[in-house]
Amino acid sequence: MYINITDKKEAANKGSSGKLVHYLEKENRTENRHQPEQWFNGQRSDIEAYEVRRSLDGNRAKLGSHEAKFFLINISPSQKELAHLKERYGEVGMKEQLKLFAEKVMDEYAKNFKRPGIESHRDLMWFAKVEDHRYYSHNDKEVKEGIKKRGDKKAGDQFHIQVIVSRKDITGRYKLSPMNSSRGRNAEHSMKMGQFDRVAFKQSGETLFDTEFSFDRGLEETLAYANVQKNGKLSQREQMGILMQTETGTERDRSFINDLAVGVSRGDFDNTAGLIEQIATGIGGLLSTLLEPVQPDIVPEQEPRKKKKRKDSGMQR
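Residues numbered from 1 in each chain as written. Predicted model: local features only at pLDDT ≥ 70, side-chain atom pairs only at ≥ 80, totals over all residues. Heavy atoms only, no water.

A.B. asks: Quick question: what am I supposed to make of the side chain of Lys95 here?
C.D. replies: Tracing the chain through its elements places Lys95 in helix H4 (residues 79–112). Lys95 gets classed as buried once you look at its relative accessible area, which sits at 17%. Apart from residues no more than four positions distant in its own chain, Lys95 is found in contact with Glu37, Val130, Asp132 and Phe159. (Helix = DSSP H or I, 4+ residues; strand = E, 2+ residues; numbered from the N terminus. Buried < 20%, exposed > 50% of the residue type's maximum accessible area, 1.4 Å probe, protein only. Contact = heavy atoms within 4.5 Å.)

Quick look at the structure:
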């Protein structure tokens, strides 16, 4: 499960949402459809593009010209996750389930601000759209190698959801920025601004998908694994390798592994050893091997080299 938040996509977010809304309407322009794919937001599923733009652009009171007016959230299930949904619900049912899933993801988005009055997706102004296809970009390996051209469609099921969420809440009273990661030297200021933990939000989406759809996710497919491989110390990567070999997949283990991922992504290495210890205790007594610290190679001390005396050349300095 790939969930990403950005404040830019084809157009900057400090002005009107019109360019972004137009960009996300591309499949309605290029695909031969009997019915255009319309927007939804938890209350309606028949929202027109002009309503999205008008609502977002009308909810920006007291935002300066330099401030973000909206953010884009990309919710992209993997091919394996999509195949799981398709097997359970069929292609039509899969799209409807993804829409319901998006509502729950936006519930998690709201809760992540930890701000009174912002409790669910109903407290936000947001609009989402299902897209059927993904396209190759100049960054893709296949394009760089000349196998595919930029703009070509990617094969297989590529359903994903794009969400535009307003910077202001549904009442227009509060500014809510997922780019504010303040966790609080000044707790009062953090609460006022609405602190947001992007890693925890991404992790909540993965956990939500597994719970809602009874998806059996392998450890190697988790955000935790990716974070440890990318950001963890050598000892943590080795420990994760041991976990993969002895994975039990219990809910308790998953919880600890998720916490580990968040800790590593924040660079909070001091607390991750305790988390790994709890994981190891739950998977069969590997504590003695799992927690052995990685020691640097010991280089024997060498006698200091004697300084060579310079020969007097007879020249005066």
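A.B. asks: I would appreciate a short explanation of the sheet that holds strand E4 (residues 70–76) in the present structure.
C.D. replies: What links the strands of a sheet is backbone hydrogen bonding, and the strands pair in either a parallel or an antiparallel sense. Strands sit in the order E1-E4-E6-E5 across an open sheet of four strands; the sheet is antiparallel. In this open sheet, the two edge strands, each paired with only one partner strand, are strand E1 (2–6) and strand E5 (124–131). Adjacent strand axes in the sheet meet at a mean angle of 20°, parallel and antiparallel pairs treated alike. Set on the sheet, helix H3 (residues 49–57) makes contact with E5 and strand E6 (160–169); between it and E5 the angle comes to about 150°. Sitting on the sheet, H4 is in contact with E1, E4, E5 and E6, with an inclination near 150° to E5. (Pairing = 2+ DSSP bridges. Axes fitted to C-alpha atoms, helices over the stretch in contact; angles between N-to-C directions.)

A.B. asks: Is there a simple way to think about the packing of helix H7 (residues 198–213) against helix H8 (residues 223–231) in this case?
C.D. replies: Two quantities define a packed helix pair, namely the angle between the axes and the distance from one axis to the other. In the contact formed by H7 and H8, the axes pass within 10 Å of each other and the chain directions differ by 140°. Considered as vectors, H7 and H8 are oriented oblique to each other. Two secondary-structure elements touch here, H7 through Val199, Lys202, Gln203 and Glu206 and H8 through Leu223, Ala224 and Asn227. Classifying every residue of the contact of H7 with H8 gives three nonpolar, two polar and two charged. (Parallel < 35°, antiparallel > 145°, perpendicular 65-115°, else oblique. Nonpolar A, V, L, I, M, F, W, Y, C, P; charged D, E, K, R; others polar.)

A.B. asks: Would you mind going over the pattern of salt bridges with me for this structure?
C.D. replies: Side-chain pairs of opposite charge can arise where the charged atoms are in close proximity. Applying the stated criterion to the full structure yields 19 salt bridges. Between Arg33 and Glu27 there is a salt bridge, and its shortest N-O distance comes to 3.0 Å. Residue Arg33 is classed as partly exposed on the basis of its relative accessible area of 26%. For Glu27, a relative accessible area of 1% translates into the label buried. Here Lys99 makes a salt bridge to Glu96, at a shortest N to O gap of 3.8 Å. Of this pair, Lys99 and Glu96 both sit in helix H4, three residues apart, which is roughly one turn of that helix. Overall, Lys99 belongs to the buried group, its relative accessible area being 13%. Members of the salt-bridge network, linked through shared partners, are Glu27, Arg33, Glu37, Lys95, Glu96, Lys99 and Asp132. (Salt bridge = Lys/Arg side-chain N within 4 Å of Asp/Glu carboxyl O.)

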